[in-house]
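Reading the structure
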Amino acid sequence: MDKVECNCVAQTEAPCIKVLDAHHRVGGNVELKKTLLQTLCQKSSTGSHCVQFYLGSRQGYSVRTLDPLDIQKTAKYCETYGKSFYIHCPLIANLSKNPESKDEKEISILKNSWRAVNSEVTQLNGLPVGCVLHVGSRGSIHNLVRNLNDFDVPRNRHIAQNKLLLLENAAGQGTSLGRNFEEMRKIYEGLDKNTIGMCIDTQHIYGAGVNALATHEDIVKLFDDVESVTGGNPDVIHLNDSKKAFGSKVDRHENIGTGYIWSQEDEGLRSLLDRCYDQNIDCILETPDSCRDLNLIRSKYMDLATIDTY
């Protein structure tokens, strides 16, 4: 079993380190290291069966070219220790642009976006990975569906994780697409659901005013809504509290239990964690202090095997 270790700067005292059983799958964002394997093996990843990171620039189109031997070693490591991971596509990637536009800037955005996304899904095919992509903005659902179908996203060769590309719901800010399940349904009606899955961000769902996530009934409705769109469960959960009020249409994450969603009552959080545990769904923390939240969840909400310290 893996020990939970945390090297966050904000952490000044040695915490209790918990050991989880193999079915608990909660992790956070980690830093991209020199190799893919080093990224998964770094201290802030230890004890987590899933993590997320950028394979290049957050705000640019550059994506690292991976060494084939590194990919091979990573595959073996993930198989041995039951690991999975997620690549967040560049935040500026936007596949909702019109491919027939006469605007050179719009065409450039579309070409650069697909070049980055395609590099990720192509290089990582065969690994237990999902590439998370924002639906897009200042474009249209029609363009997004057309572009994704034209690009022909491949099916992942990995037997347990066959969806390489995961579309993430939006908080409703500005011209962002995918702000509610009606828009997501229109998207998925035209896509191959065997190759393109869904990432649900709890802060975005709350900020968009779609679901308060406060009660067990709210979580049941969330999963029912996702199933009505994709035919199954969310492929990954971005587990974030909200710095802004319900329906604010603002994308601002907060630490678990200190934001608007779960600071007063945690019934919805408990229900969500239970559902993800039962369905073997990975949860990725994208909060300001994910190490703090990871230790909170492990100590308060999960069945723990043993206690140790470092």
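For clarity, every value in this text was computed on a predicted model and none was experimentally measured. (Residues numbered from 1 in each chain as written. Predicted model: local features only at pLDDT ≥ 70, side-chain atom pairs only at ≥ 80, totals over all residues. Heavy atoms only, no water.)

Re the overall build of the protein
Along its length, the protein carries nine helices and 12 strands. Burial analysis of the protein (310 residues in total) assigns 53% to the buried set. Of all intrachain contacts in the protein linking residues separated by at least 6 positions in sequence, the fraction that spans at least 24 positions is 76%. Just so you have it, the protein exposes about 13,900 Å², and 47% of that area is on carbon and sulfur atoms. (Helix = DSSP H or I, 4+ residues; strand = E, 2+ residues; numbered from the N terminus. Buried < 20%, exposed > 50% of the residue type's maximum accessible area, 1.4 Å probe, protein only. Contact = heavy atoms within 4.5 Å. Areas by Shrake-Rupley, 256 points an atom, 1.4 Å probe, with all protein chains shown as cover.)

What to know about unusual backbone geometry
Its identity is not glycine, yet arginine 138 carries a phi of approximately 50 degrees, on the positive side. With respect to the element layout, arginine 138 can be found in the loop between β5 (129-134) and α4 (141-151). Residue arginine 138 is classed as exposed on the basis of its relative accessible area of 65%. Positioned with a positive phi, lysine 249 is a non-glycine residue whose angle comes to about 60 degrees. Under the relative-accessibility criterion, lysine 249 is labelled partly exposed at 37%.

Observations regarding the pairing of strand β8 (residues 236-239)
Looking down a regular strand, the side chains alternate between one sheet face and the other. Side chains Val236 and His238 project from β8 onto one buried face, and the interleaved Ile237 and Leu239 project onto a second face that is buried too. Note that strand β7 (residues 196-201) and β8 share three bridges and pair parallel. Looking at β8, one finds that isoleucine 200 is bridged to isoleucine 237. Strand direction decides the pairing type here: β8 and strand β11 (residues 282-285), joined by four bridges, are parallel. Opposite valine 236, over in β11, you have aspartate 282 as the bridge partner. (Pairing = 2+ DSSP bridges.)

Here we look at the layout of surface pockets
If you add up the space inside the largest pocket, you get close to 590 Å³. Breaking the lining of the largest pocket down by element, the ones donating at least two residues are α2 (68-81) and β4 (84-88). Ranked by the residues each element gives to the lining of the largest pocket, the list is headed by α2, at three residues. Counted by class, the lining of the largest pocket contains nine nonpolar, 10 polar and six charged residues. As for the second largest pocket, its lining consists of 14 residues, and the residues nearest its centre are Tyr54, Arg58, Leu91, Asp251 and His253. (1 Å grid on protein atoms, 1.4 Å probe; cavity = no way out; pocket = protein on both sides within 12 Å on 5 of 7 lines; lining within 4 Å. Points joined across faces, edges and corners; volume = space filled by probe spheres on them. Nonpolar A, V, L, I, M, F, W, Y, C, P; charged D, E, K, R; others polar.)

Details of the packing of α4 against helix α5 (residues 181-188)
Between α4 and α5, whose axes approach to 9 Å, the crossing angle comes to 35 degrees. For the element pair α4 and α5, the recorded crossing hand is right-handed. Of α5, the residues touching α4 (which contributes Ile141, Leu144 and Val145) are Glu183, Lys186 and Ile187. Among the residues forming the contact of α4 with α5, the class breakdown is four nonpolar, no polar and two charged. (Axes fitted to C-alpha atoms, helices over the stretch in contact; angles between N-to-C directions. Left-handed = near helix turned anticlockwise from the far one by under 90°.)

A look at the confidence of the model for the protein
On average, residues of the protein score 89 in pLDDT, and 89% of them are at 70 or above. Low pLDDT, under 50, characterises residues 1-22; the stretch is placed with 61 contacts to residues that sit more than four places away or in other chains. Counted against residues more than four places away or in other chains, residues 304-310, with its pLDDT under 50, gives 23 contacts. (pLDDT = per-residue confidence, 0-100.)

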